[in-house]
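Residues per chain are reported as follows:
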Amino acid sequence: MNSTTLITIGAMAAVTYLTRVGGYLFLRNRELGARTKAVLEAAPGCVLIAVIAPEFASGNPADLIALGVTLLAATRLSLLPTVLIAVATAGLLRHAAHFTGGS
Amino acid sequence: MQTCDIAAPHTPAIATKTHTASEFQRGVVASIPVMVGFIPFALVLGTNAMQKGFATPEVPLMTGLNFGGGSEFAAVELWGSPPVILAIVAITFLVNSRHLIMGAALAPHLRHLPKWKALPALFLMCDESWAIGLADTQHRKSSGLFPAFSLPYYLGLSLCLYATWVIFTAAGAFLGPRLGDIRSYGFDMAFPAVFLVLLRGMWKGLRPALPWLVSLAVAITTYRLIPGAWYLPAGAAAGVAFACWNTKSPS
């Protein structure tokens, strides 16, 4: 192992841990106003949907159809069946697209 | 293993112990669907890191100390010999800045915990453990349970995910290029699946979900226009800013 790698990994770890505890330390002992509460209520969904935004921006029809099927499954099924349907649909559609000469 | 119905008079200590164990176990079970998504990504990350010149033990060192998949993929992408420390640390902060919002959203539920328990627990906070933990907190709150945030449940969930991530990134580093392109099997769709189910759990109607749509729209636009990980903080910040502005105006 070389020292530059170790320093880089150490610095990454420190920065990441600061982001994990920063919001907690800042709000821990504060009284929350109505607006802060509204913001904190909306924040989780905003973060989650931003993480998966690139999936919605995909130009690949197989991926978009698989995402649509996943969305449909997510509205009526629990976590594990939704994950299995999502993986199976994406895998099958990509193979189908591959064999029919699509992208 | 203890079962709940052996002895009639439970001492409080034993009752608490049994309760903690069953809550931990409930967290372990909750982590299983997420593992389906974690394992293939961990293998790919380990493989990619080796191609960028990591030594095998450095891979679990990074994933075990940093424990943030998105930032690790970005770091490996930027990795050179020697690595440019400042650029890698900056992108790590950029990708992980969403943790600030996540920790803030969790803070009101952690008030019953002393700092020495909360701070190590937050080390294990990733998108999935945070979102599932928060969903469980809301569920327990509406069932009248106290504390709404169950620390053993969260630990069962997040420790399993942590172990999965570190072990399988190390496995990826060992197995290396013998693994094919896992994307073609569709495993990457596991993440949107997990997140969409979590979003459904948070759904309270169209109006409260408007900030999500703002976040999604801004994230997609940013993703199309600016290369790199900017879409993530840009989308999340725009959604949160919209929520802030939306409450100020009378409804």
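Residues numbered from 1 in each chain as written. Chains lettered and ligands numbered in written order. Predicted model: local features only at pLDDT ≥ 70, side-chain atom pairs only at ≥ 80, totals over all residues.

### Looking at the nonpolar core
Next, step 1: Counting 108 residues, the largest nonpolar core has Ala50(A), Ala193(B) and Val194(B) as its most contacted members.
Next, step 2: Shared between two domains, this core holds at least three residues of each, these being domain 1 (12–202) and domain 2 (204–251) of chain B.
Next, step 3: Non-local contacts of Ala193(B), meaning those with residues more than four positions away in its chain, are made with Thr70(A), Ala74(A), Thr82(A), Val83(A) and Ala86(A). (Core = buried A, V, L, I, M, F, W, Y, C linked by C-beta atoms within 7 Å. Buried ≥ 20, exposed ≤ 12 C-beta atoms within 10 Å, placed from the backbone. Domains from an automatic or database assignment. Contact = placed C-beta atoms within 7 Å.)

### Quick look at the environment of Gly80(B)
Next, step 1: Among the structural elements, Gly80(B) can be located in the loop between helix H3 (69–78) and helix H4 (85–96).
Next, step 2: In this structure the C-alpha to C-alpha distance between Gly80(B) and Leu151(B), which are 71 residues apart in sequence, comes to 40 Å. (Helix = DSSP H or I, 4+ residues; strand = E, 2+ residues; numbered from the N terminus.)

### Side note on the domain arrangement of chain B
Residues and elements named next belong to chain B.
Next, step 1: In terms of domain boundaries, chain B breaks down into domain 1 (12–202) and domain 2 (204–251).
Next, step 2: Spacing between the C-alpha centres of domain 1 and domain 2 amounts to 23 Å.
Next, step 3: Listed per partner, the contact involves eight residues of domain 1 and five residues of domain 2.
Next, step 4: Those elements that provide at least two residues to the side of domain 1 that touches domain 2 are H3, H4 and helix H5 (98–106).
Next, step 5: For the side of domain 1 that touches domain 2, the element with the highest residue contribution is H4, accounting for three residues.
Next, step 6: The class makeup of the residues in the side of domain 1 that touches domain 2 is five nonpolar, two polar and one charged. (Nonpolar A, V, L, I, M, F, W, Y, C, P; charged D, E, K, R; others polar.)

### Here we look at the interface of chain B and chain A
Next, step 1: Counting from both sides, the interface comprises 79 residues of chain B and, opposite them, 60 residues of chain A.
Next, step 2: The element contributing the most residues to the side of chain B that touches chain A is helix H9 (residues 190–202) of chain B, with twelve residues.
Next, step 3: Residue composition of the side of chain B that touches chain A, by class: 58 nonpolar, 15 polar and six charged.

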